[in-house]
Amino acid sequence: MVEGEIRELCETFFDAYQDRRVDILDRVLADDCIIWHNVFGRETTKHDNLSKFHDSYRGQRRRTYDDRIVDTFHDGFVIRYQLHGVQNTGHKGSLWICIVARVREGRITRIDEYMDSSKFGAWAGMDGGGT
Amino acid sequence: MGKVDTEHRALCHALFDAIEREDLEGMARCYAPGMTLWFNVTGQEVSGDDTIAAQAAGREMQRRRTYDDRIVNTFDEGFIVQYTLNIVLHDGSRRSLWACTVAEVHDGLIVKLSEYLDSARFGIPKRARAAAS
């Protein structure tokens, strides 16, 4: 894949997450895609993630993936962004996240996600914090 | 991309090797004048001098830290490194966390670092975390 294709795949993936388009996520994630998270240190599958997608939005009115900074390398991309969320209570929170993704033949084959779990309380409005 | 790729990889390892060795001059040699480091835990930028001072202060708390399992990828203007940070404190207890750092490079020197980690991991001894997982 050339740089333009990788960038387009990245934007398609995050737009789909933002718009809750599970059908597009299913298309852009390879069937054997692995998702790893620095908070848990465990790998999960595409099926694990897509089957729980709507549950992950429970209590949330909206999420946007803003201020995206994308860099590409020969078989993947790194994206830095700010995740803004609005809970059903109206609480607004944000997280700074970095994802490193591997790509092959137009699809994402691996995602490594890095964030700071100490901010989860403020994100969800559980500790009086937030932005 | 070949030459740039090799140079960025060498710069990446020069920086993290210097941090491991507590080689403050080696760290400074990797930094461009005016470089900044942004940290996802604080959301703030600090100067290169501040990062070097923080490294020196870390010696008082830590016996050793190593940046292991480095996975490096490069792009035209920088690199991304994913790693496991292993820390041994002076009392012998260990901490371990997964982090990644994105570096922006100009003229062979680092002009910006963006570091992402889970700060909750600082307080979890390695043995306890292994038992919990």
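Anything mentioned here points back to the structure above.
Residues numbered from 1 in each chain as written. Chains lettered and ligands numbered in written order. Predicted model: local features only at pLDDT ≥ 70, side-chain atom pairs only at ≥ 80, totals over all residues.

This part takes up the overall build of chain A. If you tally the helices and strands in chain A, you get 5 helices and 6 strands. In sequence order, the secondary structure elements of chain A are arranged as α-α-β-β-α-α-β-β-β-β-α. Computed over the C-alpha atoms, the radius of gyration of chain A is 15 Å, within 12% of the 14 Å expected from 2.2 N^0.38 for a compact globule of 131 residues. By principal-axis analysis of the C-alpha atoms, chain A measures approximately 45 × 30 × 25 Å. Counting contacts in chain A only where the partners sit at least 6 residues apart, residues at least 24 apart contribute 55% of the total. (Helix = DSSP H or I, 4+ residues; strand = E, 2+ residues; numbered from the N terminus. Rg over C-alpha atoms; globule rule 2.2 N^0.38 Å. Contact = placed C-beta atoms within 7 Å.)

Residues and elements named next belong to chain A. Located in the positive-phi region is Arg20, a residue other than glycine, with phi close to 60°. Secondary-structure assignment places Arg20 in the loop between helix H1 (3–19) and helix H2 (22–28). Judged by C-beta crowding, with 13 C-beta atoms within 10 Å, Arg20 ranks as partly exposed. (Buried ≥ 20, exposed ≤ 12 C-beta atoms within 10 Å, placed from the backbone.)

Quick look at the sheet that holds strand S5 (residues 92–104) of chain A now. Strands in a sheet are paired, the pairing made by backbone hydrogen bonds, and the direction either parallel or antiparallel. Residue and element names in this part refer to chain A. Strand order across the open sheet formed by 6 strands is S2-S1-S6-S5-S4-S3, with mixed pairing between neighbours. Edge positions in the sheet fall to strand S2 (43–45) and strand S3 (60–73), since each has one partner strand and no second. Between one strand and the next, the sheet's axes are offset by a mean angle of 25°, whatever the strand orientation. Of the pairings in the sheet, the one linking strand S1 (residues 29–37) to strand S6 (residues 107–114) comprises 5 bridges and is parallel in character. Each residue of the ladder has a partner; that of Ile34, found in S6, is Arg110. (Pairing = 2+ DSSP bridges. Axes fitted to C-alpha atoms, helices over the stretch in contact; angles between N-to-C directions.)

Right, let's talk about the nonpolar core for a bit. A:Ile108, B:Leu15 and B:Ile110 are the most contacted members of the largest nonpolar core, which has 43 residues in total. Here the element with the most residues in this core is strand S5 (residues 94–106) of chain B; it accounts for 6 residues. Residues within four places of A:Ile108 in sequence aside, it is in contact with A:Leu9, A:Phe13, A:Val28, A:Leu29, A:Ala30, A:Cys33, A:Ala101 and A:Val103. (Core = buried A, V, L, I, M, F, W, Y, C linked by C-beta atoms within 7 Å.)

All names here are of chain B. Across 11 bridges, the pairing between strand S3 (residues 62–75) and strand S4 (residues 78–89) is antiparallel. Residue pairing for S4: Val72 is matched across the bridge by Val81. Taking the residues that link successive antiparallel strands as the turn, the S3-S4 hairpin has 2 residues. Relative to S5, S4 runs antiparallel, the two being bridged by 11 bridges. Residue pairing in the sheet places Tyr83 in a bridge with Ala99 of S5. In this antiparallel pair of consecutive strands, S4 and S5, the connection spans 4 residues, and Gly92 shows a positive phi of 90°.

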